[in-house]
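# Descriptive analysis of the structure
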Amino acid sequence: MAATNTSTQPVTATTTAAAATSAGGVDSSAASADELTAKAVHKRYEGLVMVRTKAIKGKGAWYWAHLEPILLHNTDTGMPKAVKLRCALCDAVFSASNPSRTASEHLKRGTCPNFNSVAKPISSVSPSAAMASPSSAPHHHNHRKRSSSGGAAGGGGGGSASSYHVSPLAVVDPSRYCGELTYSPSVTATTVVTAIAGSLLPQQQHLMLSGGKDDLGALAMLEDSVKKLKSPKTSPGPALSKTQIDSALDYLADWVYESCGSVSFTSLEHPKFRAFLNQVGLPSISRREFTGSRLDARFEEAKAESEARIRDAMFFQVASDGWRPKNYGVFGEDNLVNLTVNLPNGTSLYRKAVFISGSVPSKYAEEVLWETVTGICGNVVQQCVGIVADRFKAKALRSLENQNHWMVNLSCQFQGFNSLIKDLGKELPLFKTVTESCLKLANFVNNKSQVRNSFHKFQMQEYGYTGLIRVPMPEYESMNFAPVYTMLEDILNSARALHLVLLDEAFKIATMEDPIAREVSEMIGEVGFWNEVEAVHSLVKLIKDMAQEIEAERPLVGQCLPLWDELRAKVKEWCSKFHIGEGPVEKIIERRFKKNYHPAWAAAYILDPLYLIRDTSGKYLPPFKYLTTEQEKDVDKLITRLVSREEAHIALMELMKWRTEGLDPVYARAVQMKERDPVTGKMRTANPQSSRLVWETYLTEFKSLGRVAVRLIFLHATSCGFKCNWSLMRWVSAHGHSRVGMEKAQKLIFIAAHSKLERRDFSSDEDKDAELLALANGEDDVLNEVLVDTSSV
C-alpha cells in the first residue's frame, strides 16, 4: 500500500537532535520547548510500537494487527510533532489518543471498507462464523451496552436474529468525523460505502439513513426477508425428531410445574429463552400451551398415580398443615392449608390445598378434614386411622376422635416445640426482663443519630459491615418470639462494637445529657446483662434446633415421649450452666407437654419393637418402666378403644403376654439395627418399616394387639410436608377470587407437591437458595484465607 506521508518512517533520537541543531535562527527557549515536545511524542510512539509488537505475538488486543503507529514531522524543523494510527487495510489515519475506540468506530462498526476482505450479505453469515475471530465479533455481543438495533433483532425471535449484526454495513457521513480521521490520498471519501454482494442496495456515495447507525439492524432484517423469499431455506440447527421434541417439551413442562411458581409462565416467552430453544432445535412455545391441556394432562396423570397408591394400602393417616398462620401478614391474610396422606410404608401423597383467609373456626376445619377422609375412602371410613394437624387439637381433632372410636388424632410436634418458645416468652420472668432491656438498647442505638453513627463506625471496623439492630414490630411480640430472637442475635453479634461505642466521645457526650443513655451505658458494661441475654438466646436456640430436626426427620408417634425426655435433659443442663432455677422452666415445659400429649404416644412407645429394652435374662421387653402410672393406664384405655368391645379383653391379655415375653432377640436386634447416614453422618434405623412388618409376619399370635400395633406405630407425629413457594402464594393472593385461576393453582400445587413428596424433599426452594448462597460465601472466605496465608509465606 502507498504511504500517506513521506515522513512516516521511524525516526531515531539522533536524527531528531540533528534536525533540532540544523534549525538556525530559532530562539533557544523555543527550541528547548520543541525538543521536549519531540521527546514526549517520540516516547509515545515507541510505547505504541512496543504494545503493537506484543499484541502481534498474541499478548495484546486483536486490533493491533490492523493499526500501525506512525510519526508525523514538522515540515519546518523536521522534528516529530504528533503520533497517529494508520489502518493497514485502507490507509486511513486516526488520532492515537484512544486506540480501542478507534478500533470500535473504524473496524467493528463497519467504517473500514476492507475490514472483511470479501464482503458478504449480512444474512449469510452464521453465528459460529461471527465468533470465529475476535476482530469480526459483532458489537451487540457486548452485553453491558445494548443498542436498540440489537433489541429489535432479539425481539424478532428465531435463530436468524444473531446474524443481523454479523457483517456490518459501512454507512457513514465522513463530515461527522473530519476532526478525527484523515483518509489517505489513495482512498477518497466517496468510496466509504461497502458493496454488499446480492444486496438490495447498489454501491452509493455518502449514503445516509434517516435513523442513523441504528438503522443498520432494520436494513439487515429487510435484506434477510428478501433473501428468504428469493431462496427459502430452513435455518441451520440440530434436527430433532418429533419424538425427541415431544420428550424435551414434556421434561420442560415438568420442570415448570414442579417449580410451583418459581418459574413464571411468562418467562417461557422471553426472547432469550426462545433463542435458547431455537439454538437446541426446539420450537417456540406459548405460555397458554403450558396452562391449558398440557397442565390438565399432567395433573390427571399425577392424580391417578396417587389414588392408585392409596387404593393399594390397607389404611392411611391424613395430615393437615397450614391452619396456623406462619408469616404473620407477609402475604396479607391468605394462607394455604396442605392436606396430605401418609401410608403405612412411609410414603406421603398430596391430596389437595385449601385456601383460607385469616383465622377460621374449628367447626370449619373439622368439616374440611372429614370431607377429605370421606373423599378418599368413601363410606369405608375405618381405613383412616387418624389425623395429625398443626391446630385444633382441643376441638376439631378431639370431636372427630370422639365420634369415630378407631381414630387417633394427634397435634403436630413441630408446632408444639414452637409453641413452647412462645410460652417461655410470655411466662418466664427472665425472658420478659431480657426482652425489655434489649428493646431499650436497640431503640436507643437505632434512633440516636450520634450513637448510631458511632455504632456503625465500630461495626465496620470489627465486622466489615454496618446495619441497624433488628427490632420486632410491637404487634408481633406476643404472637411470635422469632423477631425477639433475631434482635438478641444482632445484639450478641454486635457485642464488641457496642463495648467500643462506650469509649467513643460522641457517646460520652450523649451520656452526660440523656438519662436513658446512662442506663444503656450501664447495661452494656454489666456482665450480668450479657449472661442473661446469652442464656435466653441459648435456650431458644436449643428448642429451635430440636424443632428443625423434627421438621426434617418427621418422627413417628412412638418417638414423642423420648423427644420430650431429651428436651427435659437438655433444659436441665442449661439451668445448671447459667445458674437458673429449674422450677419455673420445668413448670412451663410440663404444661406444654400436657397440652400436646396423647395416649397414643405411650401406646406406640410400648408396642414399637424399636424401643424394646434387653433385660438381664436376655429378653427384649417393652419399656413399661419408663412410663408413669397414668401413662400405663392410658395404654390400656387406648388399646381397648381401638378394638371392638368383644375383643377388648383379648387385646389386654395379649398385651400382658407382650409385656412379659417381648420379642425374639434376633428379630429385636434386626429391627433395631442402625447404619450411618452418608449425607448427615447420623446413625439411623437401617430398616424403618421393620417395626410394622414384624407384627404382620412374625408376631401373628397377637391377633387383636397386632391389628392395633400395625395401625398405630406408623402414624406421623408432625404434619410438616410440602412447602409452597412464596411466588405462588403471591399469585394466589392476587387471583384468589378467580375460579379458573384457583383451579389452575390447585393443579400446579398438586403436581409440584406430588413430585416433591415422591423425592422425599420437604424443603422449599427459597431455603435451598439461601443455603447455597451462604455456602458459596463461606467457600469464598476460605479461599481468601488460603490466598492470604500463601501470600504471606
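Residues numbered from 1 in each chain as written. Predicted model: local features only at pLDDT ≥ 70, side-chain atom pairs only at ≥ 80, totals over all residues. Heavy atoms only, no water.

### Regarding the overall build of the protein
Assigned secondary structure in the protein consists of 31 helices and 13 strands. Partitioning the intrachain contacts of the protein with sequence separation of at least 6 by distance along the chain shows that 68% fall at a separation of at least 24. Surface summary for the protein: the accessible area is close to 41,600 Å², and the carbon and sulfur share equals 55%. (Helix = DSSP H or I, 4+ residues; strand = E, 2+ residues; numbered from the N terminus. Contact = heavy atoms within 4.5 Å. Areas by Shrake-Rupley, 256 points an atom, 1.4 Å probe, with all protein chains shown as cover.)

### Section: the pairing of strand E2 (residues 80-87)
Of the strand pairs in this sheet, strand E1 (residues 67-73) and E2 are connected by seven bridges, and their pairing is antiparallel. If you follow Leu-71 over to E2, its bridge partner there is Val-83. Count of turn residues in the E1/E2 antiparallel hairpin: six residues, of which Gly-78 carries a positive phi of about 80°. Note: E2 against strand E3 (residues 93-95), three bridges, orientation antiparallel. Bridging across to E3, Lys-84 finds its partner in Ser-95. Hairpin connection of E2 to E3: five residues between the antiparallel strands, including Asp-91 at a positive phi of 65°. (Pairing = 2+ DSSP bridges.)

### Some thoughts on the packing of helix H14 (residues 429-447) against helix H16 (residues 482-493)
Across the interface, H14 lies against H16 with an axial gap of 10 Å and an inter-helix angle of 60°. In this view, H14 runs oblique relative to H16, as classed from their interaxial angle. Where H14 crosses over H16, the handedness of that crossing is left-handed. Listed contacts from H16 to Val-434, Thr-435, Cys-438, Leu-439, Leu-441 and Ala-442 of H14 are Val-484, Met-487, Leu-488 and Ile-491. (Axes fitted to C-alpha atoms, helices over the stretch in contact; angles between N-to-C directions. Parallel < 35°, antiparallel > 145°, perpendicular 65-115°, else oblique. Left-handed = near helix turned anticlockwise from the far one by under 90°.)

### Comments concerning the packing of aromatic side chains
Within the structure shown, the criterion is met by 21 aromatic pairs. Between Tyr-667 and Tyr-698, the aromatic rings sit 3.9 Å apart at their centres with planes inclined by 20°, giving stacked as the arrangement. Taken together, the positions of Tyr-667 in helix H26 (residues 665-672) and Tyr-698 in the loop between helix H27 (690-697) and helix H28 (703-712) put the pair 31 residues apart, joining distant regions of the chain. A cation sits over an aromatic face here: Arg-568 above Phe-593, 4.6 Å from the ring centre. It is Arg-659 that lies over the ring of Phe-624; its NZ or CZ is 4.0 Å from the centre. (Phe/Tyr/Trp six-rings, centres within 6.5 Å; stacked < 30°, edge-to-face > 60°. Lys NZ or Arg CZ within 6 Å of the ring centre and 35° of its normal.)

### Quick word on helix H12 (residues 393-403)
Every buried residue of H12 is accounted for by Lys-393, Ala-396, Leu-397, Leu-400 and Glu-401. Projected onto a plane normal to the axis of H12, the buried residues spread over an arc of 125° and lie on a single side. Opposite its buried face, H12 presents the exposed residues Ala-394, Lys-395, Asn-402 and Gln-403, each directed more than 90 degrees away. (Buried < 20%, exposed > 50% of the residue type's maximum accessible area, 1.4 Å probe, protein only. Arc of directions from axis to C-beta.)

### With respect to H16
Note: α-helices contain 3.6 residues per turn, so residues at a spacing of three or four share the same orientation. Helix length check: H16, at 12 residues, gives a terminal C-alpha distance of 16 Å against a target of 16 Å (1.5 Å per residue), a fit within 8%. Looking only at H16, the buried set comprises Val-484, Tyr-485, Met-487, Leu-488, Asp-490 and Ile-491. Buried-residue contacts for H16 involve H14, helix H17 (495-501) and helix H20 (527-553). (Expected span 1.5 Å × (residues − 1).)

### So, the packing of helix H13 (residues 413-427) against helix H22 (residues 582-596)
Helix packing for two helices is described by the angle between their axes and how far apart those axes are. One way to put it is that H13 packs onto H22 with a least axis distance of 10 Å and a crossing angle of 145°. For the pair H13 and H22, the crossing hand works out as right-handed. Across from Gln-413, Gly-416, Ser-419, Leu-420, Asp-423, Leu-424 and Glu-427 in H13, the residues of H22 making contact are Val-585, Ile-588, Ile-589, Arg-591, Arg-592 and Asn-596. Of the residues contributing to the contact of H13 with H22, the split by class is five nonpolar, four polar and four charged. (Nonpolar A, V, L, I, M, F, W, Y, C, P; charged D, E, K, R; others polar.)

### As for unusual backbone geometry
Not every positive phi belongs to a glycine, and Asp-91 is a case in point at roughly 65°. The backbone of Phe-392 sits at a positive phi, close to 70°, despite the residue not being glycine. Checked against the element boundaries, Phe-392 lands in the loop between strand E8 (384-389) and H12. On the basis of relative accessible area, Phe-392 is assigned to the buried category, the value being 12%.

### A closer look at the confidence of the model for the protein
With 76% of its residues at a pLDDT of 70 or more, the protein shows a mean pLDDT of 78. Under a pLDDT of 50 for its full length, residues 117-205 has, in the predicted model, 133 contacts with residues more than four places off or in other chains. Note on residues 328-333: pLDDT under 50 across the span, and 12 contacts to partners over four residues away in sequence or across chains. (pLDDT = per-residue confidence, 0-100.)

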